[in-house]
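Remarks on the overall topology
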Amino acid sequence: MERLRREMNRLFAGLPTRGSATPNYPAMNVWANEDGAIVTVELPGINPEEIDISVTGDTLTLTGRREAEELAEDEIYHRRERIHGRFTRTFQLPFDVETQDVDAVYQKGVLHITLPRAEADKPQKIRVTSG
Amino acid sequence: MMAETRDIQVQETEKQEIDESGAERTRAGACFVPRVDIYETNEGMTVIADMPGINEENIDITLEQNVLTINGYVASQRPEDYSLAYAEYRVGDYQRRFTLSDQIDKEKIEATVKDGVLRLQLPKAEPATKKISVTAG
């Protein structure tokens, strides 16, 4: 089981991201089975329309923007810990995705992307007949 | 105006786990310090905390002797028939404490939660001490 997990981690290792101030933002988890994967992303307080999800072949790309609050002149910040700005993340899956069946739901600040494995990419079962 | 029990590393994008050197939590599982933005206006203070996985039912805010405690309880949910293949974040509860000054009107604190973000409005109290003008007799 541990060996399988290590193997999966190796397969799922993300591609390096470019042009982003925070390369590992937002953080994502990947759940998988033989029929596909579910990617969950922690992205609190974002307008779902501002998230752009694109899938090509086996690659998932997530881009978006988290707006900072506009402060009036008499307002001052005491703390600014939340991450703002533009982000891009690219992730390579170990299988080709059925792109038209990709589904994304944004709930409680967490984005869930369901990525079904392409039918053509699934392993073929070969029947053995005795001659 | 606002002191706090612990500090957070801003550059890190990873969730910061709570320091349990003081008192341990009774609930098992991870507990994180939510990232906050705090700003002050003439009317009051606003605290915005990132708490993904939180909604209005599993958040608990208490005020006891000037200490405002935010607790968020997140049950880890795993999609059925799937196994975790790659992980960059962990799911767990949230806790953070702030010490409020007497300038805050504690009766009028308002809290809202939307898309995993908690927004606390802490209005300033009317000054209790009135300035008395002295006129020459």
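What comes next concerns the included structure. (Residues numbered from 1 in each chain as written. Chains lettered and ligands numbered in written order. Predicted model: local features only at pLDDT ≥ 70, side-chain atom pairs only at ≥ 80, totals over all residues. Heavy atoms only, no water.)

Description of the overall build of chain A
Along chain A, the regular secondary structure elements total 1 helix and 8 strands. Counting only residues that meet the buried cut, chain A has 38% of its 131 residues in that class. Relative to all contacts within chain A whose residues are 6 or more apart in sequence, the contacts with residues 24 or more apart total 54%. Element-wise, carbon and sulfur atoms account for 47% of the exposed surface of chain A, whose accessible area totals about 7900 Å². (Helix = DSSP H or I, 4+ residues; strand = E, 2+ residues; numbered from the N terminus. Buried < 20%, exposed > 50% of the residue type's maximum accessible area, 1.4 Å probe, protein only. Contact = heavy atoms within 4.5 Å. Areas by Shrake-Rupley, 256 points an atom, 1.4 Å probe, with all protein chains shown as cover.)

Observations regarding the packing of aromatic side chains
One pass over the full model with this rule turns up 3 aromatic pairs over all chains. Judged by centre distance (6.1 Å) and plane angle (80 degrees), the rings of Tyr 25 of chain A and Phe 87 of chain A are edge-to-face. Of this pair, Tyr 25 of chain A sits in the loop between α1 (2–12) and β1 (28–33) while Phe 87 of chain A sits in strand β6 (residues 85–92), and the two are 62 residues apart along the sequence. Judged by relative accessible area, which is 9%, Tyr 25 of chain A ranks as buried. The interplanar angle of 80 degrees and the centroid separation of 5.7 Å between the aromatic rings of Tyr 77 of chain A and Tyr 39 of chain B together place this pair among those described as edge-to-face. Note that Tyr 77 of chain A is positioned in strand β5 (residues 76–80) and Tyr 39 of chain B in strand β4 (residues 35–40), a pairing that runs across two chains. Here Tyr 77 of chain A falls in the partly exposed class, since its relative accessible area comes to 23%. (Phe/Tyr/Trp six-rings, centres within 6.5 Å; stacked < 30°, edge-to-face > 60°.)

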